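# Observations on chain architecture
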Amino acid sequence: MYEPTQLRTFLAVAQTLSFTQAARRLGVRQSTVSQHVRRLEAAAGRQLFSRDTHTVELTEDGEAMLGFARRILEVHEQAAAFFTGTRVRGRLRFGASEDFVLTRLPEILESFRYDHPEVDLELTVELSGTLHEQLAAGKLDLVLAKRRPEDPRGELVWRDDLVWIGAERLRLDPDRPVPLIVYPPPGITRARALRALEEQGREWRIVCTSGSLNGLSAAARAGLGVMAHSRRLIPPGLFRLPDRAGLPELGKVDFVVVHGQRRGPAEGAANALAAAILAGGERLRRSGG
């Protein structure tokens with residue numbers, strides 16, 4: 001009933017919320033993406049996206065299709081691997097940024113290990129900037145992290161807004177420096193936050209630095225200050241600050257998977273895990289708690 005090619009296209013559009021970005025990821029024309037989505041909507045008898053000239057959003061039926069599409073593709077790939085006799089094996093050094101500590105990334109990794117038991121998976125959790133440095137140094141084979149605006153590398157998993165978050169009762173004094181809770185250098189959100197405040201001419205002071213998302217979240221929940229964070233990954237107990245707080249816009253951030261340069265068994269394992277992350281990307285935007 002549902003063609004795997006159309007489901008992959010649907011997932012690409014759902015994760016990027018852009019027909020153009022989905023076409024780039026899949027290496028096809030935008031008209032092909034539109035055709036696949038129309039055919040899948042026809043097969044389902046439901047509208048999966050609401051779209052106009054500027055925005056693309058999932059409908060309620062589209063949200064429901066996400067889970068079905070992921071499971072159908074997982075079973076399809078498992079069957080293909082079983083009957084072709086292809087076995088992915090080798091040591092895979094995978095790095096994930098701190099942003100995914102509270103998401104359902106462990107579920108994706110658990111499914112990957114079940115599907116590829118001969119892969120020796122080594123996980124590193126670090127700041128996005130640090131992971132990119134380790135990848136460039138040949139210390140990692142695959143990275144899931146934020147990328148800097150000027151960096152074109154990586155396959156887009158999804159694009160999100162960076163927002164200011166803090167405790168629900170936090171109130172900022174406009175006459176005092178903004179109290180910042182930040183990752184240490186080379187944190188990407190840290191750099192974006194400082195640049196935005198400096199461009200606005202707003203004074204700031206750092207009240208907490210931690211390389212752990214749990215540490216930053218604890219400081220924010222205690223009301224020590226504000227932090228820049230992905231809108232779809234806001235930790236429990238924290239809230240987006242309203243516009244009346246007067247803080248500058250932070251723009252958007254891309255979450256990507258980036259491959260290293262190592263060839264051989266690691267390359268096949270990296271490709272398989274990257275495909276699993278791209279197929280299950282919507283789970284990364286949901287809390288694991």
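Bear in mind the structure is a predicted one, so any value in this text is a computation, not a measurement.

Moving on, we come to the packing of helix α2 (residues 19-26) against helix α3 (residues 30-44). Orientation of α2 relative to α3, taken along the N-to-C sense of each, is 105°, at an axis distance of 8 Å. The angle between the axes of α2 and α3 places the two elements in the roughly perpendicular class. Residues Phe19, Thr20, Ala22 and Ala23 of α2 form the contact with α3, whose participating residues are Gln30, Val33, Ser34 and Val37.

Attention now moves to the pairing of strand β5 (residues 142-147). Most of β5 is tucked away, with six of its six residues classed as buried. Bridge count between β5 and strand β11 (residues 252-259): six bridges; the pairing is antiparallel. Note that in β11 the partner of alanine 145 across the bridge is valine 256.

Note on placement: alanine 269 falls in helix α9 (residues 265-279). For alanine 269, a relative accessible area of 0% corresponds to the buried category. Considering only alpha carbons, one finds alanine 269 and alanine 220, 49 residues apart in sequence, at a separation of 38 Å. Apart from residues no more than four positions distant in its own chain, alanine 269 is found in contact with Val88, Arg89, Leu92, Phe112 and Val119.

This part covers the pairing of strand β8 (residues 204-209). Alignment of strand β7 (residues 178-182) against β8, held across five bridges, turns out to be parallel. Across the sheet, the residue bridging to proline 179 is arginine 205, located in β8. Between the parallel pair β7 and β8, the chain is carried across by helix α7 (residues 188-200), and the sense of this crossover is right-handed.

Okay, the side chain of glutamine 6 next. On the secondary structure map, glutamine 6 appears in helix α1 (residues 4-16). The exposure class assigned to glutamine 6 is buried, which follows from its relative accessible area of 11%. If near-sequence neighbours (up to four positions away) are discounted, glutamine 6 is found in contact with His36, Arg39 and Leu40.

Quick notes on the rules
Residues numbered from 1 in each chain as written. Predicted model: local features only at pLDDT ≥ 70, side-chain atom pairs only at ≥ 80, totals over all residues. Heavy atoms only, no water. Axes fitted to C-alpha atoms, helices over the stretch in contact; angles between N-to-C directions. Helix = DSSP H or I, 4+ residues; strand = E, 2+ residues; numbered from the N terminus. Parallel < 35°, antiparallel > 145°, perpendicular 65-115°, else oblique. Contact = heavy atoms within 4.5 Å. Buried < 20%, exposed > 50% of the residue type's maximum accessible area, 1.4 Å probe, protein only. Pairing = 2+ DSSP bridges. Right-handed = clockwise from strand over helix to strand, strands pointing away.

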